[in-house]
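# Residue-level structural notes
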Amino acid sequence: YSTCTLNLKENEEIVNYAIKNLNVKVEEINIELKDKAKGISKGYDSSLKNTIRVLPNKYQEGFYVAKIIKNNKKTYCILFLFGLYVVCKLIFLKE
């Protein structure tokens with residue numbers, strides 16, 4: 001799950017709702033980025049700390065990424081950084 005915003009209602013609240021109601025879980029994202037922070041988990045499911053808030057800088061705007069797993073299918077959000085552009089590609093894999 002990814003958005004091009006750092007809005008709590010569009011990010012952590014949506015993912016928290018999915019965790020509580022849609023039988024999904026969040027996995028840690030292992031990616032090296034200079035300007036990133038953990039997702040906000042205070043008051044929400046503790047696994048939201050595994051999400052990433054990419055902070056705005058002079059090259060990009062801020063955005064949010066969560067790696068969510070549901071029903072034996074993995075959904076990965078892979079980030080491709082091309083200068084000022086960020087493209088998020090979802091890949092669905094059957095186990």
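### Thoughts on the nonpolar core
Counting residues in hydrophobic clusters, the biggest one holds 9 residues: V15, A18, I19, V24, V26, L48, Y64, A66 and I68. Breaking this core down by element, the ones donating at least two residues are α1 (12-21) and β2 (24-27). Top contributing element to this core by residue count: α1, with 3 residues. Listed in part, the 6 residues of the second largest apolar core include I29, L33, V54 and V65.

### Things to note about the confidence of the model for the chain
Of the residues in the chain, 74% have a pLDDT of 70 or more, and the chain-wide mean is 77. Per-element mean pLDDT across the chain ranges from 39 in strand β8 (residues 85-94) up to 94 in strand β4 (residues 52-54). Here residues 75-95 scores under 50 on pLDDT; set against residues more than four positions off or in separate chains, the count is 47 contacts.

### Some words on the sheet that holds strand β1 (residues 2-3)
On the basis of which strands lie adjacent, the open sheet formed by 4 strands has the order β1-β5-β4-β3 and antiparallel pairing. Of all the strands in the sheet, the pair left with one neighbour each is β1 and β3 (36-38). For β1 and strand β5 (residues 63-65), the ladder comprises 2 bridges, and the chain directions are antiparallel. By the bridge assignment, S2 is partnered in β5 with V65.

Definitions and limits used
Residues numbered from 1 in each chain as written. Predicted model: local features only at pLDDT ≥ 70, side-chain atom pairs only at ≥ 80, totals over all residues. Heavy atoms only, no water. Core = buried A, V, L, I, M, F, W, Y, C linked by side-chain atoms within 4.5 Å. Buried < 20%, exposed > 50% of the residue type's maximum accessible area, 1.4 Å probe, protein only. Helix = DSSP H or I, 4+ residues; strand = E, 2+ residues; numbered from the N terminus. pLDDT = per-residue confidence, 0-100. Contact = heavy atoms within 4.5 Å. Pairing = 2+ DSSP bridges.

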